[in-house]
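Understanding the architecture of this molecule
Listed here are the chains, written in short residue letters.
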Amino acid sequence: MAVRVGVFGHRVGVFGHRVGILDPDPADRGRPSRPPAAPDSDTVSTHPVNRQEVTVWVDSPYSGETLALRDYYGASRRTARWMADESAVDDLLALAQRRRPYLELLSTTPKHKRDVIDALGDSRSTVDRAIEALADAALVTRTDDGAWTTTTSGDVLLETVAETRETVGTVTAAAGLLEYLPCAERVPPALFRDATVDVADGPTPLSIAARVRETVADATAICGFAAADHGTGVKEDIFESTLGDGSFSFDYVFDEALVEGLLAGDEVPWSDLLEAPNARAAVFDGLPFGLLLTDHDDGQRLTLVVYDDQRVVRGQIVTANPEAVAWGADVFERYRTRATPLAAWLE
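Residues numbered from 1 in each chain as written. Predicted model: local features only at pLDDT ≥ 70, side-chain atom pairs only at ≥ 80, totals over all residues. Heavy atoms only, no water.

**Quick look at the overall build of the protein chain**
Helices and strands together make up the secondary structure of the protein chain, namely 12 helices and 16 strands. Relative to its 347 residues, the protein chain shows a buried fraction of 43%. As presented, the protein chain carries roughly 18,100 Å² of accessible surface, and 49% of it is formed by carbon and sulfur atoms. (Helix = DSSP H or I, 4+ residues; strand = E, 2+ residues; numbered from the N terminus. Buried < 20%, exposed > 50% of the residue type's maximum accessible area, 1.4 Å probe, protein only. Areas by Shrake-Rupley, 256 points an atom, 1.4 Å probe, with all protein chains shown as cover.)

Structure follows, in C-alpha cells:
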C-alpha cells in the first residue's frame, strides 16, 4: 500500500516552514541517518507505509536544513500538527533573537539595505541573508520604494523578545535571592518585569530598609505581611503613619514568631493598633516571605522581601507591574484569610 504524503496529503506553511510527514521504508526500523529530499510542490512521491513508525520533518528556511523532529508510534494528525507548530515557534523566536538588531532598526523608519549596512556594520551578504530570512518569516516587508520595514508581526515579536530579555536580566540579578524563595509559593514572571532588585549588604540590611522606609513615607495605604524585624526603623514608620493619620489604611499579617519576639519589649503599641479604626492586624505561623502592597499617587507598588532560613533579609524585589501587583494581592488575601485576628491571638 502506498500513500501520498505532504502534511496530511498537502503542503502547508507555518511561519514560512514547509512541513511533511514522510513514511520510511518498512525495512528501515531505526531513525534514518539522512532525511529524504524535501518536496518542492504539493505533489509528493509515494512511499511504502510503515504503519508503526512515522517521522516528522521540518524544512527550515533559516538554517537551510531539513530536520527530523521525532520518530514516534501510532502518531495522530493532531500530534504531528502540534509538533510542527512547536518547531515553528522555536525557529521564529530564535530568528527574532538572532536578528533583533535588524528588527530594532527597521521598526523605527523604513531603511534601504545600504542604510542597514551603514547602521549595523554588517557585510552586504549578511544583510541580504538576514532580511531574506525575516521576510520569509513575514517579520519585515518591502515598501514601494524598495526600503524595508517591520510588519505588525515583527513589531509584536520584537517587543516580546525585549520583554523576555528584560525579565531574564532581572532574574539573573535576583539569582542570589530566588534560591531562598519557597517552591510552594511560586512567583510569576511578571514579578521580574519593570523591577528593581536590591541585595542585602549585611545582616542588618540598611540599604533595603531605607528603600522600604521611602516607600512607606510616600504611601497612602499599605497591606502585606512580615516575617522578621531587624531594628531598622521600618515598623516604627509604619505604626507612626497608621496611628498618626486616620486616612492611612493599614492591613497587616505578622508572623507568629515575630509577634512573640516583639511582645517581649514595648516597641509596639499593640493596644493602640487594635483600637485604630484604620488598622487591621492578624497573626500567621510560617509566612514564606515579606510582602508589601502600597498605594501611591501614581498607582500600586509591590515589594517582595526575601529571607533566608534564619529569617535574615537577603534582598527585595520592587515592581509596579500590574500583573505582579495582582499576584501579590491574591497571595496576601490567601494568607490573611487563614490568619488569626491579632485580638484573638493575644487573648
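**Comments concerning the packing of aromatic side chains**
Across all of its chains, the model carries 8 aromatic pairs by this definition. With a centroid separation of 5.2 Å and an interplanar angle of 80°, the aromatic rings of Phe284 and Tyr335 are classed as edge-to-face. In this pair, Phe284 is assigned in strand β12 (residues 279-284) and Tyr335 in helix α11 (residues 322-338), connecting sequence segments 51 residues apart. You can call Tyr335 buried: its relative accessible area is 8%. Three or more aromatic residues joined by ring pairs make a cluster, and in this case those are Phe225, Phe284, Phe289, Trp327 and Tyr335. The ring centre of Tyr335 lies 5.1 Å from the NZ or CZ of Arg338, which sits over that ring. (Phe/Tyr/Trp six-rings, centres within 6.5 Å; stacked < 30°, edge-to-face > 60°. Lys NZ or Arg CZ within 6 Å of the ring centre and 35° of its normal.)

**Structural notes on helix α8 (residues 234-244)**
Residues that lie three or four places apart on an α-helix share one face, since the helix turns once every 3.6 residues. Taken residue by residue, α8 has Val234, Lys235, Asp237, Ile238, Phe239 and Thr242 as its buried positions. Lining the buried residues of α8 we find α7 (206-218), β10 (221-226), β11 (249-255), α9 (256-263), α10 (270-275) and β12. (Contact = heavy atoms within 4.5 Å.)

**Some points on unusual backbone geometry**
Of all residues except glycine, most have a negative phi; of all peptide bonds, most are trans. The phi angle at Asp194 is positive, at roughly 55°, despite the residue not being glycine. The exposure class assigned to Asp194 is exposed, which follows from its relative accessible area of 54%.

**Points about the pattern of salt bridges**
Per the counting criterion, the structure on display carries 10 salt bridges. Note that Asp128 is salt-bridged to Lys113, the shortest N-O span being 2.9 Å. In this pair, Asp128 sits in helix α4 (residues 124-136) while Lys113 sits in helix α3 (residues 113-120), placing the two residues 15 residues apart along the sequence. With a relative accessible area of 25%, Asp128 lands in the partly exposed category. (Salt bridge = Lys/Arg side-chain N within 4 Å of Asp/Glu carboxyl O.)

**Let's talk about the nonpolar core**
If you look at the biggest cluster of nonpolar residues, it comprises 57 residues, and the most contacted ones within it are Phe225 and Phe250. With 20 residues, the next largest nonpolar core counts Leu95, Tyr102, Leu106 and Val161 among its residues. (Core = buried A, V, L, I, M, F, W, Y, C linked by side-chain atoms within 4.5 Å.)

**Examining a negative patch on the surface**
Where like charges cluster on the molecular surface, the negative patch consists of Asp155, Glu159, Glu163, Glu166 and Asp194. Assignment of secondary structure puts Glu166 in helix α5 (residues 152-173). (Patch = residues over 30% accessible without salt bridge, like charges linked within 9 Å, V, L, I, M, F, W, Y side chains within 5 Å. Lys, Arg positive; Asp, Glu negative; His and termini not counted. Charge placed at Lys NZ, Arg CZ, Asp CG, Glu CD.)

**A short note on the packing of helix α2 (residues 100-108) against α5**
Direction vectors running N to C along α2 and α5 enclose 125°, while the axes themselves pass 10 Å from each other. Classified by the angle between their axes, α2 and α5 sit oblique to one another. At the point where α2 passes α5, the crossing takes the left-handed sense. Where α2 approaches α5, its residues Arg100, Leu103, Glu104 and Ser107 are matched on the opposing element by Asp155, Leu158, Val161 and Arg165. Its residues placed into classes, the contact of α2 with α5 shows 3 nonpolar, 1 polar and 4 charged. (Axes fitted to C-alpha atoms, helices over the stretch in contact; angles between N-to-C directions. Parallel < 35°, antiparallel > 145°, perpendicular 65-115°, else oblique. Left-handed = near helix turned anticlockwise from the far one by under 90°. Nonpolar A, V, L, I, M, F, W, Y, C, P; charged D, E, K, R; others polar.)

**Some details on α4**
Taking 1.5 Å per residue as the helical rise, α4 with its 13 residues ought to reach 18 Å, and the 18 Å between its terminal C-alpha atoms agrees with that figure. Along α4, the residues that are buried comprise Thr126, Val127, Ala130, Ile131, Ala133 and Leu134. Buried residues of α4, viewed axially, fall in a sector of 160°; they line one side. Phi turns positive, to about 65°, at Ala138, one or two residues after α4. (Expected span 1.5 Å × (residues − 1). Arc of directions from axis to C-beta.)

**Comments concerning a nonpolar patch on the surface**
Residues Leu263, Leu274 and Leu346 make up a contiguous nonpolar surface patch of roughly 220 Å² in combined accessible area. Take Leu274: it is sitting in helix α10. We classify Leu274 as partly exposed; its relative accessible area is 40%.

**Side note on the pairing of strand β14 (residues 299-307)**
In this sheet, β14 lies alongside strand β13 (residues 290-296) in antiparallel orientation, the contact comprising 7 bridges. Along β14, the bridge assignment pairs Leu292 with Thr303. Count of turn residues in the β13/β14 antiparallel hairpin: 2 residues. Alignment of β14 against strand β15 (residues 313-319), held across 6 bridges, turns out to be antiparallel. Paired with Tyr307 across the bridge in β15 is Val313. Here β14 hands over to β15 after 5 residues, with Arg311 in that stretch at a positive phi of 65°. (Pairing = 2+ DSSP bridges.)

**With respect to the side chain of Lys111**
Its location among the elements puts Lys111 in the loop between α2 and α3. The charged side chain of Lys111 is buried without a salt bridge, its nearest counter-charge being Asp115 at 7.0 Å. For Lys111, the side chain forms a polar contact with the side chain of Thr109, separated by 2.6 Å. Contact partners of Lys111, with chain neighbours within four places excluded, come to Leu105, Leu106, Val116, Ala147 and Trp148. (Polar contact = N/O pair within 3.5 Å; in protein donor to acceptor, adjacent residues only side chain to side chain.)

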